[in-house]
Amino acid sequence: MAALEQLEKEYDAARRDPEFTAELDDLLKNYAGRPTLLTEAKRFGAHRAGGARIMLKREDLAHTGSHKINNVLGQVLLTKRMGKTRVIAETGAGQHGVATATACALLGLECVVYMGEEDTRRQALNVSRMRMLGAEVIPVTTGTRTLKDAMNDAFRDWVATVGNTHYCIGSVGGPHPFPMMVRDFQRIIGVEARQQILDQAGRLPDAVVACVGGGSNAIGVFHAFIPDTDVRLVGCEAGGDGGGRPYRTAATLGLGSPGVLHGMRTYVLQDAEGQTLGTHSISAGLDYPGVGPEHSWLKDAGRATYRSVSDSEAMEGFSALCTTEGIIPALESSHAVAGAMSLGRELGPDALILVNLSGRGDKDVATASAWFGV
Amino acid sequence: MSAVTTAFTKAAAADRAALIGYLPAGFPDKATAIKAAIAMAEAGADIIEVGLPYSDPVMDGPVIANAVHRALTNGTRVADVLDTVGAIASAGVATLVMTYWNPIAQYGVDAFARDLASVGGSGLITPDLTPEEAGIWPEVSARYGLDRVFLVAPSSPDHRIARITSACSGFVYAASLMGTTGARSAVDSSAVGLVERAREHTGLPVAVGVGVSNSEQAAEVAGFADGVIVGTAFVRRLGDAISGEGAVSAARDLAADLAQGIRRG
Ligand SMILES: Cc1ncc(COP(=O)(O)O)c(C=O)c1O
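Computed from a predicted structure; not experimentally measured. (Residues numbered from 1 in each chain as written. Chains lettered and ligands numbered in written order. Predicted model: local features only at pLDDT ≥ 70, side-chain atom pairs only at ≥ 80, totals over all residues. Heavy atoms only, no water.)

### What to know about the pattern of salt bridges
All names here are of chain A. This structure, assessed with the given rule, holds 43 salt bridges over all chains. Salt-bridge contacts for E118 lead to R121; the nearest nitrogen and oxygen are separated by 3.2 Å. On the criterion of helical spacing, the pair formed by E118 and R121 is a turn pair, its members being 3 residues apart in helix α6 (residues 117-122). Among the salt bridges present, the one from R360 reaches D362, with a minimum N-O distance of 3.2 Å. R360 sits in the partly exposed class, given a relative accessible area of 32%. Where salt bridges share partners, they join D12, R15, R16, R183, D184 and E294 into one cluster. (Salt bridge = Lys/Arg side-chain N within 4 Å of Asp/Glu carboxyl O. Helix = DSSP H or I, 4+ residues; strand = E, 2+ residues; numbered from the N terminus. Buried < 20%, exposed > 50% of the residue type's maximum accessible area, 1.4 Å probe, protein only.)

See below:
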């Protein structure tokens, strides 16, 4: 597709252009609030993670409440550079949609967000936020009415509107150059965190833990640590409620097989005939049957490992962080929190673990209230 | 020579464009789809494209996406697609499969080509596959005598058109709307330029797809292209019909109407 070639060319020129990178750096610092903090979670580590020392990378404190803003600011600046006036996006949890609506408001661009109908229901707060910010939110009623279907409709829009429209993909998925470009925009998480943990703990962590939906916050925090081969990289996928049953999980790397989805060759949750399977996760942002191709590569190369965290484990992580640290994590991030709890118990009290807290949980209070019956 | 090439040659000899009709296997049900396709051919369609239903049809508009979803919900499998192709081809109709790539990759490119050839299918139209990513498909298709049809679009720069057309056999599929499939009321003018640009790079027939829904538009496209591809309009008729018989006759009527338009074009 010609639009992809154009994007690749423009991105390549932009990242070498000091004016572009200076503008992006300025927005990241003075608008998004970077660098985000690195917070030691002392009570959480002592009481809930086997005594391990846990450091939280606070992407929840970035403007709009998640890491998604890092990527969006980059892509929206690129949209302006390409002379396009309209931005479309898919969103699951609504965090990418909110970030996109925010950046479009800031730069005066038209914004349309596709969101599965199921997700508009469970992430209603973010639907309101997007609308306040001036974006049009289109509920998607095809297929499983979740993230994958929102992405399908965004692609359909884009092929018809490429002349004036940029498709701002929210994770490290989709056709080239998206996985590489989004990775580059999210790399800053790990670059900052690596220096911060050296400053605050005096050494590199034993493990870096992140949740994996499409994989953007995970690749963002992992990337700077890839050459540090003593640092374990641990991705936490949504295990859903199913103990490995198809349709009741979204653990793509654990249970999927190599295939093609949304223009990328990667692990896919699919049946024997290549039909994508429906997925389930309590967290809308992880409820996706594919994963960024770089994670497939890291898994096959053995550089990163991926574990499945169930809905109930994630909710336990959610509650643990709320009550020991006074931080309400997003349900997506709660999968990483739960992963750190079991990893801390496995590695013991000498371990130093960096957890990417990808977002805050305001959007999830209704789901959590229903879960805990409060 | 493939059945598809023969169909184009025959149409050209009669000084007209070829009519190519699309419908997904298993919609509204397997038997009706087969009967409808044969009826379309009897009424003047030269070539039939059988869609292989896929869970994530991002290149298709809502009419086809919904039809395909229903076909899958009805339990349509790859074996049913091959049965469908076999039934249509054995009625003497040139028949291609239009498919997203993942089902073929999972089935095995070689195995699918073998099984398609053995039921009399003529080749594959692959909307989400680029020649660069086609892997062993060019070699395998040549071995089984199958056609490879890739798509060009108005947004394709000339170097892409050169690359894509040189990878095709049978014909070149020119997607006339910049968008996904879905019948529009006016034929997009960029189709004319696209056909001209494609012809600078290939001697293959160039067929124009996505957008035609009535005989006037068919006549217009037939005036500048070697083939007129109609999908959404057929699928809509099939979906609107209240019985299997009604669906078959609706498809037959539309094919007859379009075939007339093409003879005026
Ligand atoms: C807070 C948060 N974390 C993580 C994700 C998952 O996306 P990714 O795997 O691309 O980081 C989302 C997606 O909606 C999210 O909102």
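Right, picking up where we left off after that structure.
### Focus on the nonpolar core
The biggest cluster of nonpolar side chains holds 90 residues, and the ones touching the most others in it are I48, F112, W137, F171 and V228 of chain B. Take this core: its biggest share by element is 8 residues, from helix α12 (residues 244-264) of chain B. (Core = buried A, V, L, I, M, F, W, Y, C linked by side-chain atoms within 4.5 Å.)

### Examining the layout of surface pockets
Of the voids in this model, the second largest pocket is the one considered here, and its volume is about 550 Å³. Among the secondary structure elements, those contributing two or more residues to the lining of the second largest pocket are α8 (147-161) of chain A together with α3 (62-73) of chain B. For the lining of the second largest pocket, the element with the highest residue contribution is α3 of chain B, accounting for 6 residues. (1 Å grid on protein atoms, 1.4 Å probe; cavity = no way out; pocket = protein on both sides within 12 Å on 5 of 7 lines; lining within 4 Å. Points joined across faces, edges and corners; volume = space filled by probe spheres on them.)

### Overview of the pairing of strand β1 (residues 18-24) of chain B
Residues and elements named next belong to chain B. Most of β1 sits inside the fold, with 7 of its 7 residues counted as buried. Taking every second residue as pointing to the same face, both faces of β1 are buried, with A18, I20, Y22 and P24 on one and L19, G21 and L23 on the other. As paired elements, β1 and strand β9 (residues 227-230) share 4 bridges and run parallel to each other. When the bridges of β9 are listed, I20 appears paired with I229. The sheet contact formed by β1 and strand β2 (residues 47-51) spans 5 bridges and is parallel. Within β2, the residue paired with G21 across the bridge is I48. On the question of chirality, the crossover connecting β1 to the parallel β2 by way of helix α2 (residues 30-42) is right-handed. (Pairing = 2+ DSSP bridges. Right-handed = clockwise from strand over helix to strand, strands pointing away.)

### A short note on the interface of chain B and chain A
The interface is formed by 26 residues belonging to chain B together with 24 residues belonging to chain A. Across the interface of chain B and chain A, roughly 2,000 Å² is buried in total on both sides, 46% from carbon and sulfur atoms. Counting the surface chain B buries against chain A, the share from its top three residues, D56, V58 and Q106 of chain B, is 25%. At the boundary of chain B and chain A, one finds 3 salt bridges. With a shortest N-O distance of 2.8 Å, D56 of chain B and K148 of chain A are connected by a salt bridge. Counting across the interface, chain B meets chain A through 16 residue pairs in polar contact (both at pLDDT 80 or more). Partitioned by chemical class, the residues of the side of chain B that touches chain A number 11 nonpolar, 10 polar and 5 charged. (Contact = heavy atoms within 4.5 Å. Buried area = accessible area lost by both parts, 1.4 Å probe. Polar contact = N/O pair within 3.5 Å; in protein donor to acceptor, adjacent residues only side chain to side chain. Nonpolar A, V, L, I, M, F, W, Y, C, P; charged D, E, K, R; others polar.)

### A few points about helix α1 (residues 2-16) of chain A
Residue and element names in this part refer to chain A. The end-to-end C-alpha distance of α1, which contains 15 residues, comes to 22 Å, matching closely the 21 Å that a straight helix rising 1.5 Å per residue would cover. For α1, the set of buried residues is A2, A3, L4, L7, Y11 and A14. Residues of α1 that are buried make contact with α2 (18-30), α4 (68-81), α8, β6 (165-167) and α9 (178-186). (Expected span 1.5 Å × (residues − 1).)

### Some points on the sheet that holds strand β8 (residues 232-240) of chain A
Residue and element names in this part refer to chain A. Pairing is mixed across the open sheet formed by 6 strands, whose spatial order is β1-β2-β12-β7-β8-β11. Two strands in the sheet have a free side with no partner beyond their single neighbour: β1 (38-40) and β11 (304-310). Within the sheet, the average angular offset between the axes of one strand and its neighbour, ignoring direction, is 30°. Set on the sheet, helix α14 (residues 311-325) makes contact with β1, β2 (53-58), β8, β11 and β12 (352-357); between it and β11 the angle comes to about 90°. (Axes fitted to C-alpha atoms, helices over the stretch in contact; angles between N-to-C directions.)

Read these as spatial facts, not as claims about activity.
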